[in-house]
Amino acid sequence: MKYSLTMVMACGALLLACTGGKDVGGTATDTENMMTASVTGLVKRSDGTRADSVVVRMSRVYSKDETNGVPEFVEVKTDTAGVFAFDSAIADTFQLAVIDESAEEISYLPRVVAAESLEDIKLEKAAHFESVLYYDRESEPAVEVGSHFLVYMPGMPFVQNVFAKDSFSMLIPAGSWWFGFCPGDPQMVAKLQDSGVADSLIYRVWSMDSIEVDAGGTLDVGPFFWSTEFDVDTLIKEKNGDGKSRARISGQVNCDSGRVCSGIEVMAITDIYGFDFVGDSSVFRAQTVTDSDGRWWLPVPAEVPYDSFRVEFRAEAGDSVMMGLSRYVMASEVAGLEDTLDVGTVDLTPSSGLVSTIALVIGPNDSTQSLMVNSVVVGAKGTAHFVRGVTYNSLKINEMPSGEQELLLYSGDTKVISTLQAADTPVDEYVVVTFVNLPKGDDLEWQGMTYTPPALPKSAK
């Protein structure tokens, strides 16, 4: 999918709107006179029922000559009868956006005359705009803006709060539109401006006019990067390959029969031995999702503590879970990287599980080890699947990637591990590796494993 990326400077109305402050400058409507008459209407869903508790937003209408931005709007909700009421019109001509999050239906009236009857507003199925926003901190700006941003449709009362690194979905009308992002804290915006950051680097607007989304469809694009360091035409380059390079990793995920998978959760695994997890088990934490082409992007991990890292993928499919793993990406591949590294295509398969017991094996004359370990950690290397269990008890690990895996066993006592690491003990001296083949969509039931605890450095005994 090829993007038509157009950046515009969001000044004037956009600047004031994103800073949440004062009246929008410029000629926004036919007249600027505030109407005194109230504005009421009735909203019905597509099935004809009255739409209660839906959001209705009124804003001024922007002329085509103005720079599009986030307009000021006032917002009310419909009552149990589907009726809404504004005390007065914001101008003699205005626009309305009606948003029903629960039914995923909307209505957009781009130009309404104050005297016009609004007694039959019919909702229709909304489209979805889905993406991920990253906040580029490679070079810190003069002001730290935080992780709160706004995504909006310039000139229209469709706006949503988003947080950096979180995926989001916004209900939008069908068609081809412009989308923009700006910091969500108006005080931070003001500080950026005071520090000399250009408005064109604070307010980012992209044209998606080459992509049209139908009602009920999804526009899944991105990721987007907000940065005060890069020029306005150097933001999304995975598709067209030009512009200033950026250090990122990327790949593609396929489902059955080579079909691309959208919305698949993605997590980079840098703690490949699972040493850092707390509690009784580690947790899969999605960092992004695949787009409609099955593609994903992530910034290069800030730290790769071992010689490599891996990327894991997860998707719920009805009652089952589909999983996948990338190849090991060597730390040397991303050291000093100034481009996007493609780590390849991964095919999802039904998840597997492991059921087993672990017996502690200690020499009969070893009195130092018998009390050192009464628990072990078990998991698959390079995955988010580790558990801490007591020896001689049964353990189970659910939803593991199937296929050939390196099963790891080591002491469940974190003090033992930290002592060995502090002494620069080679990992292979205290981590036992066993190769297993986990069946697709089923558990591997092992009758039992044995584990012998490592010897502590003499200084620690």
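Our subject is the structure listed above.
Conventions adopted
- Residues numbered from 1 in each chain as written.
- Predicted model: local features only at pLDDT ≥ 70, side-chain atom pairs only at ≥ 80, totals over all residues.
- Heavy atoms only, no water.
- Helix = DSSP H or I, 4+ residues; strand = E, 2+ residues; numbered from the N terminus.
- Contact = heavy atoms within 4.5 Å.
- Areas by Shrake-Rupley, 256 points an atom, 1.4 Å probe, with all protein chains shown as cover.
- Buried < 20%, exposed > 50% of the residue type's maximum accessible area, 1.4 Å probe, protein only.
- Pairing = 2+ DSSP bridges.
- Disulfide = S-S within 2.5 Å.
- Salt bridge = Lys/Arg side-chain N within 4 Å of Asp/Glu carboxyl O.
- Phe/Tyr/Trp six-rings, centres within 6.5 Å; stacked < 30°, edge-to-face > 60°.
- Arc of directions from axis to C-beta.
- Polar contact = N/O pair within 3.5 Å; in protein donor to acceptor, adjacent residues only side chain to side chain.

J.: Before we move on, could you go through the overall build of the chain and cite the residues and values that matter?
T.: Counting secondary structure elements, the chain contains 5 helices and 33 strands. Across the chain, contacts joining residues at least 24 apart in sequence account for 71% of those joining residues at least 6 apart. Within the structure as shown, the chain displays about 21,200 Å² of accessible surface, and the carbon and sulfur contribution to it stands at 47%.

J.: Account for the pairing of strand E14 (residues 204-207), naming residues and giving values.
T.: Across the two faces of E14 the burial is the same, with Arg204 and Trp206 and Val205 and Ser207 all buried. Where strand E13 (residues 178-183) lies against E14, 4 bridges are found, and the strand directions are antiparallel. Residue Phe179 lies in a different strand from E14, and its bridge partner there is Trp206.

J.: Summarise the state of the cysteines; cite the residues concerned and give the values.
T.: If you walk through the whole model with that rule in mind, you get 1 disulfide. In this model, Cys255 is linked to Cys261 through a disulfide, with the two sulfur atoms separated by 1.6 Å. The pair formed by Cys255 and Cys261 is uniform in burial state, with each residue classed as buried.

J.: Could you give me a rundown of the pattern of salt bridges, with the residues and numbers involved?
T.: Taken as a whole and assessed by the stated rule, the structure comprises 9 salt bridges. Across the salt bridge formed by Arg57 and Glu75, the nearest N and O atoms sit 2.8 Å from each other. Here Arg57, found in strand E2 (residues 55-60), pairs with Glu75, found in strand E3 (residues 73-77); they are 18 residues apart in sequence, far enough to count as distant. Among the salt bridges present, the one from Arg314 reaches Glu316, with a minimum N-O distance of 3.6 Å. Given a relative accessible area of 14%, Arg314 falls into the buried group. A single salt-bridge network, built from bridges that share partners, covers Glu265, Arg314, Glu316 and Glu399.

J.: Any details on unusual backbone geometry? Residues and values, ideally.
T.: Positive phi, close to 50 degrees, is recorded for Glu399, a residue that is not glycine. If you trace the backbone, Glu399 turns up in strand E29 (residues 394-400). Using a relative accessible area of 32% as the deciding quantity, one classes Glu399 as partly exposed. You will see that Asp424, though not glycine, has its phi angle at about 55 degrees, which is positive. Of the residues examined, Asp424 reaches a relative accessible area of 66% and is grouped as exposed.

J.: So, the packing of aromatic side chains: which residues are in play, and what are the values?
T.: Evaluated as defined, the whole model comprises 15 aromatic pairs. Geometrically, the ring pair formed by Tyr273 and Tyr306 is edge-to-face, given 5.1 Å between the ring centres and 80 degrees between the ring planes. Of this pair, Tyr273 sits in the loop between strand E18 (265-269) and strand E19 (288-289) while Tyr306 sits in the loop between strand E20 (295-299) and strand E21 (308-317), and the two are 33 residues apart along the sequence. With a relative accessible area of 12%, Tyr273 lands in the buried category.

J.: Go over the sheet that holds E2 with me, naming the residues and quoting the values.
T.: In a beta sheet, neighbouring strands pair by backbone hydrogen bonds and run either parallel or antiparallel. As summarised here, the arrangement of the 5 strands in space is E3-E2-E5-E6-E8, forming an open sheet in which the pairing is antiparallel. At either margin of the open sheet sits one strand with a lone partner, and together these are E3 and strand E8 (124-125). Summarising the sheet, strand E6 (residues 105-113) and E8 pair through 2 bridges and their orientation is antiparallel. Directly across from Ile106, in E8, lies its bridge partner Glu124.

J.: Account for helix H5 (residues 414-422), naming residues and giving values.
T.: Turning to H5, its buried residues number three or more, namely Val416, Ile417 and Leu420. Around the axis of H5, the buried residues are gathered within 95 degrees of arc, so they sit on the same side. Facing away from the buried side of H5 by more than 90 degrees, the exposed set consists of Thr414, Lys415 and Ala422. Each element contacted by the buried residues of H5 is listed here: strand E30 (403-411). Capping of H5 at its N-terminal end is provided by Asp413; its side-chain oxygen lies 2.9 Å from the backbone amide nitrogen of Lys415. One or two steps after H5, the chain reaches Asp424, where phi turns positive at roughly 55 degrees.

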